[in-house]
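One-letter residues, chain by chain:
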Amino acid sequence: VPTSNYYDGVCRVYEYRKISQSEWDDGYPVTNGYDYTKEEPAIATNDTNYDSSKKYWYQKGTTLIGPNQSSYYGKNVGIDYYGTTIAIYEQNSSYGVKVYKYTNNDWVLTSTLQGSSATRLGELFLEMHPVGNIMYVSNKSTDGLYGYKYNESNTTWEVFTNSISITNLVAVRCFNER
């Protein structure tokens, strides 16, 4: 579950799972929700003692921080089904989308869809396919929505659809057939 406060330019990913005693010891209990002032991994719980039979919300990787407070970093966020690929809109430096992969217990920037002040890629809409290799991204200058597919051989995101008008668009959702 990605959470972001785009006015502060930060994004965190939490997962709900059983955690180990060492993860409990490394994290910190947070009363009544998340403590957004902390930069280290967090456990969101009202519990003060570790219980191995319970599940907790635990921060996955480090906090992703945008270039500055007014970057709108995290205004739109897309994440795959497994929580290993995340796409984050950022206004200031790229006017586009930054894509991260969860590797070696942390988030690694793998690519950027570079936009402009006219296109603002992903500002209005950003959706990641559950598998993490396709995403739909808005383009403000064409009032359109484009599908991007990840090309493994050259490690780039490539447009694979014609523009879909978003003027009257109600919803687009990606589903994983299992």
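Definitions and cut-offs
- Residues numbered from 1 in each chain as written.
- Predicted model: local features only at pLDDT ≥ 70, side-chain atom pairs only at ≥ 80, totals over all residues.
- Heavy atoms only, no water.
- Core = buried A, V, L, I, M, F, W, Y, C linked by side-chain atoms within 4.5 Å.
- Buried < 20%, exposed > 50% of the residue type's maximum accessible area, 1.4 Å probe, protein only.
- Helix = DSSP H or I, 4+ residues; strand = E, 2+ residues; numbered from the N terminus.
- Contact = heavy atoms within 4.5 Å.
- Salt bridge = Lys/Arg side-chain N within 4 Å of Asp/Glu carboxyl O.
- pLDDT = per-residue confidence, 0-100.
- Pairing = 2+ DSSP bridges.
- Axes fitted to C-alpha atoms, helices over the stretch in contact; angles between N-to-C directions.
- Phe/Tyr/Trp six-rings, centres within 6.5 Å; stacked < 30°, edge-to-face > 60°.
- Lys NZ or Arg CZ within 6 Å of the ring centre and 35° of its normal.
- 1 Å grid on protein atoms, 1.4 Å probe; cavity = no way out; pocket = protein on both sides within 12 Å on 5 of 7 lines; lining within 4 Å.
- Points joined across faces, edges and corners; volume = space filled by probe spheres on them.
- Nonpolar A, V, L, I, M, F, W, Y, C, P; charged D, E, K, R; others polar.

Q: I'm lost on the nonpolar core in this one. Help?
A: Generally speaking, soluble globular proteins have nonpolar side chains that are buried together. If you look at the biggest cluster of nonpolar residues, it comprises 13 residues, and the most contacted ones within it are Ala-87, Val-97, Leu-113, Met-135, Val-137, Tyr-148 and Trp-157. Sorting the residues of this core by element identifies β9 (96-103), β11 (126-128), β12 (134-139) and β13 (144-151) as the ones contributing at least two each. With 3 residues, β13 is the largest single contributor of residues to this core. The residues contacting Met-135, other than those within four sequence positions of it, are Ala-87, Val-97, Val-99, Leu-113, Leu-126, Glu-127, Met-128, His-129, Tyr-146, Gly-147, Tyr-148 and Trp-157. Grouped together as the second largest cluster of nonpolar side chains are 8 residues, Val-13, Leu-64, Tyr-100 and Trp-107 included.

Q: What is the right way to read the pattern of salt bridges from this model?
A: Any two side chains of opposite charge can pair if their charged atoms end up close together. Overall, the coordinates contain 5 salt bridges when judged by the stated rule. Residue Glu-15 is joined to Arg-17 by a salt bridge in which the shortest nitrogen-to-oxygen separation is 2.9 Å. With a relative accessible area of 25%, Glu-15 lands in the partly exposed category. Among the residues examined, Arg-17 registers a relative accessible area of 22% and is labelled partly exposed. The salt bridge partner of Lys-98 is Glu-90, with a shortest N-O separation of 3.8 Å. You can call Lys-98 buried: its relative accessible area is 15%. For Glu-90, a relative accessible area of 2% gives the class buried. It is possible to trace a salt-bridge network through shared partners that takes in Lys-75, Arg-120, Glu-123 and Lys-140.

Q: Whenever I open this one, the confidence of the model for the protein confuses me. Can you help?
A: It should be kept in mind that the predicted coordinates are not to be read in detail where pLDDT is low. For the protein, per-residue confidence averages 78 on the pLDDT scale, and 75% of positions sit at 70 or higher. Mean pLDDT per element in the protein: strand β3 (residues 29-30) is the minimum at 54, and β9 is the maximum at 92. Segment residues 31-41: pLDDT under 50, and 25 contacts once partners within four positions in sequence are set aside and those in other chains are kept.

Q: Where do I start with the sheet that holds strand β8 (residues 85-90) in this structure?
A: Two pairing modes exist for strands in a sheet, parallel and antiparallel, and in both the strands are linked by backbone hydrogen bonds. Within the open sheet, the 4 strands sit side by side as β7-β8-β9-β10. Their pairing is antiparallel. Taken across any chain shown, the strands that pair with only one partner, and hence form the sheet edges, are β7 (77-79) and β10 (106-113). Along the sheet, successive strands turn relative to each other by an average axial angle of 25 degrees, direction set aside.

Q: Where do I start with the packing of aromatic side chains in this structure?
A: Summed over the entire model, instances satisfying the criterion amount to 5 aromatic pairs. Taking 4.9 Å as the distance between ring centres and 85 degrees as the angle between the ring planes, the aromatic pair formed by Tyr-81 and Tyr-82 counts as edge-to-face. Lying over the aromatic face of Tyr-102, Lys-60 brings its terminal NZ or CZ to 4.7 Å of the ring centre.

Q: Help me out: how do you make sense of empty space enclosed by the protein in this one?
A: One simple way to see leftover space: roll a probe sized like a water molecule over the atoms. Counted by the stated rule, this structure contains 1 cavity of 30 Å³ or more. Here the largest cavity is characterised by a volume of approximately 40 Å³. When contributions to the lining of the largest cavity are tallied by element, the ones reaching two or more residues are β9 and β10. Here the lining of the largest cavity is composed, by residue class, of 3 nonpolar, 4 polar and 1 charged.

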